[in-house]
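Structural overview
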Amino acid sequence: MNRNLSRTAGLLLATTVAVSLVACSSDDSDGAADTSAASGTASDGAASSTASSTESATAENASYPLTVSTKYGDITLDSRPERVVALDYSAADDLVALGITPVGVAADPAKVDAEMPWLASDIKDAADADIAPMYEANVETVANLDPDLIVGGTYNAQDQDAYGKLSAVAPTLIPDMEGKGSWQDRLLATAAAFGATDKAEELIVETETAYKAAGERVPGIGDKTVSYYQFTGEKFNPGGPEVFELFGMQPTAGMREKTALSMENAQGADADLIVIWATGDDGPEILENTPAFASLPAVKKGNLMFTTPPIKYAFDRPGILSLQWFLGEITPTIEKLAD
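Residues numbered from 1 in each chain as written. Predicted model: local features only at pLDDT ≥ 70, side-chain atom pairs only at ≥ 80, totals over all residues. Heavy atoms only, no water.

With that out of the way, let us pick up the overall build of the chain. Scanning the chain from N- to C-terminus turns up 17 helices and twelve strands. Looking at the 339 residues of the chain, the share that counts as buried comes to 53%. Within the chain, contacts between residues separated by at least 24 positions form 67% of all contacts whose residues are at least 6 apart in sequence. Accessible surface, the chain: about 14,200 Å² in total, of which carbon and sulfur atoms supply 48%. (Helix = DSSP H or I, 4+ residues; strand = E, 2+ residues; numbered from the N terminus. Buried < 20%, exposed > 50% of the residue type's maximum accessible area, 1.4 Å probe, protein only. Contact = heavy atoms within 4.5 Å. Areas by Shrake-Rupley, 256 points an atom, 1.4 Å probe, with all protein chains shown as cover.)

Written out as structure tokens, the structure reads:
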């Protein structure tokens, strides 16, 4: 087995370095989050330090009725939402970061500790895999939670008909974004329902600043490239390296063009940092024994990261809390690029 690959994977799994975020510049007298203490391995602390209460998230004194824009048109909230259902973990991340504890979250309670350590302590009691099995909202299960606001992504309500069924239960907020959109836009859209836009903007600035500061510790970070692929055992499917751009890194041409690669063209995955999500347990071993991949310069240098379930969740559809957690996990790998 290629020792560089094994050493890199081992480093990733063993990483417990905590990286503090930039101190909050505003007065948190409302009891809302102080994200400056959030760090890589203190995942429960990161979530609980940011989460507080619905009241803290609405300290901007929003005036209701309040109209909020969504992908399927405006919704009107007659009063501040108190019973909010999150149709996916990204929506839950946004809510908890804003100080709102959902009454229901589409997640398997048996897996949240392993897959979403930054959220587990806040959503475990509310987690229910039947809320949105295979990402599609289960309207009956959602209705049984008696929500006054439903928050999710486009994949939870993929057309007007599906959205209509949800909105018949309660006002439904599906952020109006192209594709996945950005985590910043999604957070701001959710915050609008609680009059918490200023708080969302604070959190965004703090998080972006912390990533930029970590990247600046690597000379020439702006010239460093990153590629992120899902390896199926037969080919490489491009993912989204947007989170790494927060450090100042650049996606490769293949990433920008979303080009899939065959095993024979594995050299197209080369970058200063290669990130691989191997869908099978034997994926890393297959790659280690594939000369076209094992001979890549980044692999030889040990600048290869195989994702684990929480790492994949953290940057596939990132939120404030997952980004805080991921920063601590990935910083040692980023700093290694300075060697």
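Here the focus is the confidence of the model for the chain. Here the chain averages 83 in pLDDT, while 81% of its residues score no lower than 70. Low confidence marks residues 1-59, where pLDDT is under 50. Its contacts with residues over four positions away, or in another chain, come to 134 contacts. (pLDDT = per-residue confidence, 0-100.)

Where burial is concerned, most of helix H9 (residues 183-192) is hidden: seven out of the ten residues are buried. Along H9, the positions that sit buried rather than exposed are Trp-183, Gln-184, Arg-186, Leu-187, Ala-189, Thr-190 and Ala-191. The inward-facing, buried residues of H9 contact strand E1 (66-68), helix H4 (89-97), strand E5 (149-151), strand E6 (172-173), helix H10 (197-216) and helix H17 (320-335).

This brings us to H4. Residues spaced three or four apart along an α-helix point in a common direction, a consequence of the helix completing one turn every 3.6 residues. With respect to burial, H4 is a largely interior element, nine of its nine residues being buried. By the burial criterion, the buried members of H4 are Tyr-89, Ser-90, Ala-91, Ala-92, Asp-93, Asp-94, Leu-95, Val-96 and Ala-97. Just past H4, the residue Gly-99 takes up positive phi, approximately 95 degrees.

Right, let's get into the nonpolar core. In globular proteins that are soluble, nonpolar side chains generally tend to be buried together. Phe-236, Phe-244, Ile-276, Phe-293 and Phe-326 are the most contacted members of the largest nonpolar core, which totals 95 residues. Of all the elements, H17 adds the most residues to this core, at eight residues. Excluding its chain neighbours within four sequence positions, the residues that come into contact with Phe-244 are Val-226, Met-249, Leu-273, Val-275, Met-305, Phe-315, Phe-326, Ile-330 and Ile-334. (Core = buried A, V, L, I, M, F, W, Y, C linked by side-chain atoms within 4.5 Å.)

Moving on: unusual backbone geometry. Put simply, Tyr-64 and Pro-65 share a cis peptide bond, and its omega is 5 degrees. Here Pro-65 shows up in the loop between helix H3 (54-57) and E1. Residues other than glycine seldom take positive phi values, yet Met-134 does so here, at roughly 55 degrees. By the secondary structure assignment, Met-134 is in the loop between helix H6 (120-123) and helix H7 (139-144). Positive phi, close to 75 degrees, is recorded for Tyr-135, a residue that is not glycine. Assignment of secondary structure puts Tyr-135 in the loop between H6 and H7. Since its relative accessible area comes to 44%, Tyr-135 is described here as partly exposed.

This part takes up the pairing of strand E8 (residues 235-238). For strand E7 (residues 225-231) and E8, the ladder comprises three bridges, and the chain directions are antiparallel. What sits directly across from Gln-230, in E8, is Asn-237. Adjacent in sequence and paired antiparallel, E7 and E8 are bridged by three residues, among which Gly-233 carries a positive phi angle near 100 degrees. Looking at chain direction, E8 and strand E10 (residues 261-262) are connected through two bridges and run antiparallel. Along E10, the bridge assignment pairs Lys-235 with Ser-262. (Pairing = 2+ DSSP bridges.)

Our next topic: the packing of H10 against H17. One can describe the packing of H10 onto H17 by two numbers: an axis separation of 11 Å at closest approach and a directional angle of 10 degrees. In terms of their interaxial angle, H10 and H17 are classed as roughly parallel. Between H10 and H17, the contacting residues are Leu-203, Ile-204, Thr-207, Ala-210, Tyr-211 and Ala-214 on the first element and Ile-320, Leu-323, Phe-326, Leu-327 and Thr-331 on the second. Looking at the contact of H10 with H17, its residues break down into nine nonpolar, two polar and no charged. (Axes fitted to C-alpha atoms, helices over the stretch in contact; angles between N-to-C directions. Parallel < 35°, antiparallel > 145°, perpendicular 65-115°, else oblique. Nonpolar A, V, L, I, M, F, W, Y, C, P; charged D, E, K, R; others polar.)

With that settled, the discussion passes to the sheet that holds strand E3 (residues 84-86). What the four strands build is an open sheet, ordered E4-E3-E5-E6; its pairing is parallel. With one partner strand each, in any of the chains shown, strand E4 (104-105) and E6 form the two edges of the open sheet. One ladder, built from three bridges, connects E3 with E5; its direction is parallel. For Ala-86, the partnering residue across the bridge sits in E5 and is Val-151. Of the strands in this sheet, E3, E4 and E5 are in contact with H4, which crosses E3 at around 135 degrees.

Another point: the packing of H4 against H17. Interaxial distance between H4 and H17 falls to 7 Å at its minimum, and their mutual angle equals 90 degrees. The angle between H4 and H17 places the two elements in the roughly perpendicular class. Seen from H4, the contacting residues are Asp-93, Val-96 and Ala-97; seen from H17, they are Ile-320, Leu-321 and Ser-322. By residue class, the composition of the contact of H4 with H17 is four nonpolar, one polar and one charged.

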